[in-house]
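Here's the letter readout for the chains.
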Amino acid sequence: MEIHAETMNRFCNQYRILNHYIEDLPAQAIHTRFMPDKWSIHETIAYLCRYQYIFMERLKTISTEINPFFLVYDADNDPEYQFTAARTTGALLHEIYRVRDEMKLMLKNLVPAEFSRIGTHAVLGRMNLCQWLEFFLLHESHQFYKIFKLAGNFWSNSRIHHGNVISMPMAGTQVDEMAG
């Protein structure tokens with residue numbers, strides 16, 4: 001089995017659009033929770049960053065074990081997520097790019113037969129490695145959609161609720177949110 005060229009193209013490029021969604025947003029928009037029980041743009045980017053590590057480990061496990069089983073990832077119960085979310089948005093974007101490059105290299109080094117290997121997801125069931133990549137891309141795309149909507153909410157909302165801004169570590173008054 002070989003990975004579809006379209007899937008690999010999306011895997012190699014889809015994440016690059018993230019900068020475009022947030023490039024003109026002030027830090028306030030990136031760190032504001034517009035709904036108290038929903039993540040901010042920054043928290044969603046931290047989730048994307050952390051999930052890449054989770055997914056990379058799953059790919060490695062699928063490549064080395066017979067039909068491994070994976071629970072649904074829950075960032076709220078992952079202490080590493082809290083550490084990740086404490087970083088600046090610019091640092092997270094850099095990390096997303098770096099880790100994706102590692103994942104691309106890992107995938108390019110697999111032989112076609114390895115894409116047939118199976119892993120079972122607690123909700124989605126048995127999937128071969130190609131299907132896992134599709135799942136990852138759809139999941140990532142859904143998170144991008146949330147970020148896109150939050151950015152739109154910021155620009156369309158005439159009253160910004162300053163009380164919902166989450167506390168994030170910032171060095172000085174300027175934060176390079178567009179690094180990446």
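Residues numbered from 1 in each chain as written. Predicted model: local features only at pLDDT ≥ 70, side-chain atom pairs only at ≥ 80, totals over all residues. Heavy atoms only, no water.

A few words on the confidence of the model for the protein chain. Per-residue confidence for the protein chain averages 88 on the pLDDT scale, and 87% of its residues sit at or above 70. Under a pLDDT of 50 for its full length, residues 158-163 has, in the predicted model, five contacts with residues more than four places off or in other chains. For residues 165-180, every residue scores under 50 in pLDDT, and the model assigns this stretch 39 contacts once sequence neighbours within four places are set aside. (pLDDT = per-residue confidence, 0-100. Contact = heavy atoms within 4.5 Å.)

What follows is about unusual backbone geometry. You will see that N67, though not glycine, has its phi angle at about 45°, which is positive. With respect to the helices, strands and loops of the structure, N67 is situated in the loop between α4 (41-64) and β1 (69-70). On the basis of relative accessible area, N67 is assigned to the partly exposed category, the value being 31%. (Helix = DSSP H or I, 4+ residues; strand = E, 2+ residues; numbered from the N terminus. Buried < 20%, exposed > 50% of the residue type's maximum accessible area, 1.4 Å probe, protein only.)

The next thing to look at is the environment of L71. Mapped onto the secondary structure, L71 falls in the loop between β1 and α5 (79-85). On the basis of relative accessible area, L71 is assigned to the exposed category, the value being 59%. Along the sequence, L71 and V123 sit 52 residues apart, while their C-alpha atoms lie 8.0 Å from each other. If near-sequence neighbours (up to four positions away) are discounted, L71 is found in contact with R58 and A122.

Moving on to the pattern of salt bridges. Going through the model one piece at a time under the given rule, you end up with nine salt bridges. Measuring nitrogen to oxygen at the nearest pair gives 3.9 Å for the salt bridge that ties E95 to R87. Look at R87 and you get partly exposed, because its relative accessible area is 29%. Linked by salt bridges that have partners in common, R87, E95, R98 and E102 make up one network. (Salt bridge = Lys/Arg side-chain N within 4 Å of Asp/Glu carboxyl O.)

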